[in-house]
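Each chain, written out:
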Amino acid sequence: QVQLVESGGGLVQAGESLRLSCAASGTGFSSNTMGWYRQAPGKQRELVATITTGGTTNYADSVKGRFTISRDNFKSISLQMNSLKPDDTAVYYCNLDSRLRKMNVWGQGTQVTVSS
């Protein structure tokens, strides 16, 4: 089965940076969208950033100018998080969606904690 493996979470102070990585298992993927979502305590899961195979990106307003999503290869993505704020504290989940293969897969999540 397809699995997503996330890494890079941790505990940092406000203003510092982290880089999250996500790699999908299995064979090749075509025309997919990969991205990051997060869920803070007491909140619903929300979109952080997504990137298509063609390179089109989408960001939540709260992270524009601070976070950058990129593709390391056809089935791996990274999220560079700069100028972190306490409000960024959440569990961050990697997601892969493929219309051609009718798949939607979630990672297990990685904790990001930003202290003031």
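Just above sits the structure.
As the structure is a prediction and not an experimental result, all values here were calculated from the model.

Cut-offs used in this document
Residues numbered from 1 in each chain as written. Predicted model: local features only at pLDDT ≥ 70, side-chain atom pairs only at ≥ 80, totals over all residues. Heavy atoms only, no water. Core = buried A, V, L, I, M, F, W, Y, C linked by side-chain atoms within 4.5 Å. Buried < 20%, exposed > 50% of the residue type's maximum accessible area, 1.4 Å probe, protein only. Helix = DSSP H or I, 4+ residues; strand = E, 2+ residues; numbered from the N terminus. Pairing = 2+ DSSP bridges. Axes fitted to C-alpha atoms, helices over the stretch in contact; angles between N-to-C directions. Contact = heavy atoms within 4.5 Å. Salt bridge = Lys/Arg side-chain N within 4 Å of Asp/Glu carboxyl O. Disulfide = S-S within 2.5 Å. Phe/Tyr/Trp six-rings, centres within 6.5 Å; stacked < 30°, edge-to-face > 60°. Lys NZ or Arg CZ within 6 Å of the ring centre and 35° of its normal.

### Observations regarding the nonpolar core
By size, the foremost hydrophobic cluster in this structure holds 27 residues, and its most contacted members are Trp36, Leu79, Met81 and Tyr92. Among the elements of the structure, β3 (18-24), β4 (32-39), β5 (46-52), β7 (67-73), β8 (76-81), β9 (90-98) and β11 (110-115) are those that each provide at least two residues to this core.

### Describing the sheet that holds strand β1 (residues 4-7)
Taken together, four strands build an open sheet; the order of strands is β1-β3-β8-β7 and the sheet is antiparallel. With partners counted over all chains shown, the strands left at the sheet margins are β1 and β7, one partner each. Each strand axis lies, on average, 15° off the axis of its neighbour in the sheet, ignoring direction. One ladder, built from six bridges, connects β7 with β8; its direction is antiparallel. Counted as the bridge partner of Phe67 is Met81 from β8.

### Some words on the environment of Ser116
Locating Ser116 in the fold gives a position in the segment after β11. Here the alpha-carbon distance between Ser116 and Ser83, two residues 33 residues apart in the chain, equals 12 Å. Dropping the residues within four chain positions of it, Ser116 is found in contact with Ala14 and Pro86.

### Looking at the pattern of salt bridges
Inspection of every chain in the model, using the stated rule, returns five salt bridges. A salt bridge links Asp72 to Arg19; its shortest N-O distance comes to 3.9 Å. Placement of Asp72 in strand β7 and of Arg19 in strand β3 is noted, with a sequence separation of 53 residues between them. A relative accessible area of 44% means that Asp72 is categorised as partly exposed. The partly exposed category is assigned to Arg19, whose relative accessible area is 40%. In this structure, the salt-bridge partner of Arg66 is Asp88, at a minimum N-O distance of 2.8 Å. Pair noted here: Arg66 is in the loop between β6 (57-59) and β7 and Asp88 is in the loop between β8 and β9, with a separation of 22 residues, a long-range link. The same class applies to Arg66 as to Asp88, namely buried.

### Remarks on the state of the cysteines
Throughout the structure, instances matching the rule amount to one disulfide. Here Cys22 engages in a disulfide with Cys94; their sulfurs sit 2.0 Å apart. Sign of the S-S torsion, about -85° for the bond between Cys22 and Cys94, identifies this disulfide as left-handed. Taken together, the positions of Cys22 in strand β3 and Cys94 in strand β9 put the pair 72 residues apart, joining distant regions of the chain. The residues Cys22 and Cys94 share a single accessibility class, namely buried.

### Details of the packing of aromatic side chains
The description of an aromatic ring pair uses the distance of the two centres, along with the angle that the planes make with each other. In total, this model carries one aromatic pair according to the counting rule given. Aromatic pair Tyr37 and Trp106: ring centres 5.1 Å apart, planes at 65°, arrangement edge-to-face. Taken together, the residues span a long stretch of sequence, with Tyr37 in strand β4 and Trp106 in strand β10 (residues 103-106) at a distance of 69 residues. Lying over the aromatic face of Tyr93, Arg45 brings its terminal NZ or CZ to 3.8 Å of the ring centre. Cation over ring: Arg45 sits above Trp106, and NZ or CZ is 4.7 Å from the ring centre.

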